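Summary of structural features
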Amino acid sequence: MIPIFEALQSWLQVDAAWVWVLLAVASLIPCLIAFLAVQVIAGASTYVERKVAADIQRRVGPNQCNPNLFLGVFAREAAERGKSPKADFGGKVMGALLGAALPLIDILDKIGGRWAPGLLIFLADGIKLIMKESIVPASADKPLFKIAPVIVLASAFGALAALPYSSWFYIADFNIGIFFVVAITSLETIGILMAGWASNNKWALLGGMRSAAQIVSYEIPTSLAVLTAIILAGTMSLQGMIFVQIGINNLHQGWFWQWNLFSSPFALILAPAYFLAALAECNRTPFDIPEAESELVAGYHTEYTGMRFAIFFMAEYAMMCVLSGLAVAIFLGGWSTGIGPIETGFFMKANIGEVIPGTNQIATQPIYHWWAGFFHFGVFALKTYALVFIMMWIRWTLPRFRVDQMMSLCWTKLIPIGLFCLNGVAIWSLLRPYAAKSLGGWENYHNLVGWMSLLVAIALIGWVVKFFLTPLTTEEQERRKLIAVANLNKPVSSF
Amino acid sequence: MIDFVKDIYDGMKTFMVGMKVTGGYLKENMWTEGVLQKHDDMTLAPNTVVYDGTVEKALQVQVADRFRGHLHNDVERCIVCKNCATACPIDCFWIDGQKTETGKLRPSRFDIDILKCMYCGLCVVACPTGCLTMTKEWWGSQRAQTGDSKGERNNLHGLIREFGVGYYTREQKLEVERKRIEIAEAKKKKAAEESAKKAAAAAAAKAAAPAHAAGAAAPAATAAPKPDAVKPAEPPKPAGS
């Protein structure tokens, strides 16, 4: 901060106060970008969610709101009105501009209509929600009612600041980054509880209480998984964690089996546990008991309408992205591509990374080309969205847990597993120097662990691919067909 | 400890199988015509069918294995235990029993009000003989308009599914219904006739009355000008009196 400050002051030749103002304005820019990104991601996620739901339930899903239908009608109308002699200057300009945009809209329609029919439904939804009246119930606690959605969104949005987006392109890299993310995401509870309380509605209050109980419980397995990752990496900085997972100057540098998920059996057990806990933390099915439609009308956002309701929705999708991003950063190698030669030979400008002797912590970080950051950002986004996609897939697969089932899953399954793995990792890292000594040096140790991780990775990926690629057994299919035919031919009444 | 691990293993296994089933549907529909369609083309994912209103089209629809359609009672096996009626949360069963010559109890009447039925399937679970089942039939509104019973079922009575052997066969029931309708129609006719008579009488009265009224109106009309004519002449009267 201070070098930047002094450099700016000497360059601009202005008072210190102006430099502060400039810095404040400059720091707003990433905030604005992130805010807009959150809105677009949340909107697009609603579309993806609806499409995934439709595909799983063998429906069509949204397919009507295409660029031509949504923008083209408006643009054509404006262009025609602009041509008429009655149009004023502004109308003519608008008509000309939108008429010029028509070919672009047509191209968009051709692409969008084919590959993503109904894509613009989220814009239509957003416009609808903005234009709706935002009702505050007469008996609500008005200040709390109004501030609650903002707090919920702020918790998800604040966590975005610390995520490691790419090799040089990130908002902030705190040395306590992961702690910050865990702390600020649990702020969501306060907002939800506030919304439940302020609505003055028994369903909303029940939803808020359930959410509080749920998040307080599931913070523990999440934190245990995060602690494990911290022990494995030896740092709390998220960028540092990714550099550890890329590996420094050994045979396996940059390969995907260096990621935490594969490099330690305990992390392999804990990653699914973390993912489950993350599902519970962002109130997704099967843990969506705070807003269980069939029990509580809509849970904590029963009384919310219009844009305030939309903010809750946005916060949910942003939270999904944040927790998936965190999972990617601590278990799946963050923004690294996972292919060694590309990572070390192509993207790295200078491979000057060094390990603190005796550990796997990073002393100096390797330097990357500036353009590699964009590739890394793409990789990070892809990995994160893959996890978000799995969250959606789970949502349309599993039914909702009962409250006691959910609590017992947390307290009797996830926490014991988490504690076991935490102790295991602690012992593992304690024994590491001795193992290295007996193998004759750290290089041998890293090589050996690398090869073992490769085996684990191949076994795991192979098993998952095989599991999902083998179709249901023919017996099962025949049985299903027989049942279907028998049911179709069943005598219906003589009615 | 073993139970703990086994529990987790079972949970993960069933979860993965579930994911595989939904994933199969996802894969099936994600990159096929279901998604790659133009927005104006309505040929679609398997569960969406452009329904032209025919039973043939309805029969083509593949429903799920455990689909809960209309109820069907195999009357020959029914023992009139009324467990289904007890289990039904909304009381849509009307069941009467009758002893046959062999001394067995048979339903003489087994009616299900389809208008009330919510297809929860609790009655099927409760049925001890398994004679009450849920079919895959869902096109009930269509049946009301097709077949030999065309036109007969477009009423509230049509929303009751009738089963049962006994003193009322379907034909008998229909006959009773027909008689009821006939009686009602006869009543209606009578009422109509009566009302027609009344109307005729009223009309006659009216016909007389208008003449009367006209007769009354005519003098009134003729009399109406009178006050006007008289009025100017009247004021002097009090003055005179």
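Within each chain, residue numbers correspond to sequence positions counted from 1 in written order. Note on labels: chains are lettered from A, ligands numbered from 1, in written order. Selection of residues for local features in this predicted model requires a pLDDT of at least 70, selection of side-chain atom pairs for listing and counting requires 80 or more, and totals for whole chains, interfaces and linings are taken over all residues. Side-chain measures here rest on the full set of heavy atoms in the structure, leaving out hydrogens and waters.

1. Quick notes on the overall build of chain A
Going along the chain from the N terminus, every DSSP run of H or I of four or more residues is numbered as a helix, and every run of E of two or more is numbered as a strand. For chain A, the helix and strand inventory stands at 18 helices and 4 strands. Taken across its 495 residues, chain A has 47% of its residues classed as buried. In what follows, residue pairs with any heavy atoms lying within 4.5 Å of each other are defined as contacts. Pairs at least 24 apart in sequence give 76% of the contacts found in chain A among residues at least 6 apart. Note on areas: these come from Shrake-Rupley sampling with a 1.4 Å probe, and a residue is covered only by the protein chains present in the view. Element-wise, carbon and sulfur atoms account for 72% of the exposed surface of chain A, whose accessible area totals about 24,200 Å². Burial classes follow relative accessibility: with a 1.4 Å probe on protein chains only, a residue under 20% of its type's maximum area counts as buried, one over 50% as exposed, and anything between as partly exposed.

2. Some details on unusual backbone geometry
For the peptide bond that leads from Thr-285 of chain A to Pro-286 of chain A, omega is 5°, which places it in the cis range. Among the structural elements, Pro-286 of chain A can be located in the loop between helix H12 (265–281) and helix H13 (306–331). Here Val-80 of chain B, not a glycine, exhibits a phi torsion of approximately 55°, which is positive. Tracing the backbone shows Val-80 of chain B in the loop between strand E1 (71–73) and helix H3 (83–87).

3. Side note on the pairing of strand E5 (residues 160–163) of chain B
One face of the sheet, then the other: side chains in a regular strand alternate in exactly this way. Residues and elements named next belong to chain B. Going residue by residue along E5, you find Ile-160 and Glu-162 tucked away on one face and Arg-161 and Phe-163 tucked away on the opposite face as well. Direction of pairing for strand E3 (residues 105–113) relative to E5: antiparallel, over a ladder of 4 bridges. Paired with Asp-111 across the two strands is Glu-162, which belongs to E5. In short, DSSP must find at least two bridges between two strands for them to pair.

4. Some thoughts on the packing of aromatic side chains
Stacked, tilted and edge-to-face are the three classes applied to pairs of Phe, Tyr and Trp rings, where Trp contributes its six-membered ring and a pair requires centres within 6.5 Å; stacked means planes under 30 degrees apart, edge-to-face means over 60, and tilted covers the rest. Enumeration according to the criterion identifies 28 aromatic pairs over all chains in this entry. Here Phe-309 of chain A and Phe-313 of chain A contribute two aromatic rings whose centre-to-centre distance is 5.4 Å and whose plane-to-plane angle is 50°, an arrangement assigned as tilted. Highlighted residues: Phe-309 of chain A and Phe-313 of chain A, both in helix H13, separated by 4 residues, approximately one helical turn. Relative accessible area serves as the criterion here: at 24%, Phe-309 of chain A is assigned to the partly exposed category. According to the relative accessible area criterion, Phe-313 of chain A is partly exposed, its value standing at 31%. Ring centres of Phe-467 of chain A and Phe-468 of chain A lie 5.3 Å apart, and the angle between their planes is 90°; this geometry places the pair in the edge-to-face category. The exposure class of Phe-467 of chain A is buried, given its relative accessible area of 17%. For Phe-468 of chain A, a relative accessible area of 25% corresponds to the partly exposed category. Feature note: the residues Trp-255, Phe-256, Trp-257, Trp-259 and Phe-262 of chain A constitute an aromatic cluster, connected by ring pairs. Cation over ring: Lys-20 of chain B sits above Phe-467 of chain A, and NZ or CZ is 5.0 Å from the ring centre. Distance and angle both matter: a charge sits over a ring if NZ of Lys or CZ of Arg is within 6 Å of the ring centre and within 35 degrees of the ring normal.

5. Notes on the sheet that holds E3 of chain B
Strand pairing in a sheet relies on backbone hydrogen bonds, with the paired strands running either antiparallel or parallel. All names here are of chain B. Strand order in the open sheet made by the 3 strands is E2-E3-E5, with antiparallel pairing throughout. In the strand order of this sheet, the two ends are held by strand E2 (93–99) and E5, each with one partner. Ignoring which end each strand starts from, the neighbouring axes of this sheet average 15° apart. Fitting a line to C-alpha atoms yields each axis, with helices limited to the stretch in contact; the angle taken between N-to-C directions then spans 0 to 180 degrees.

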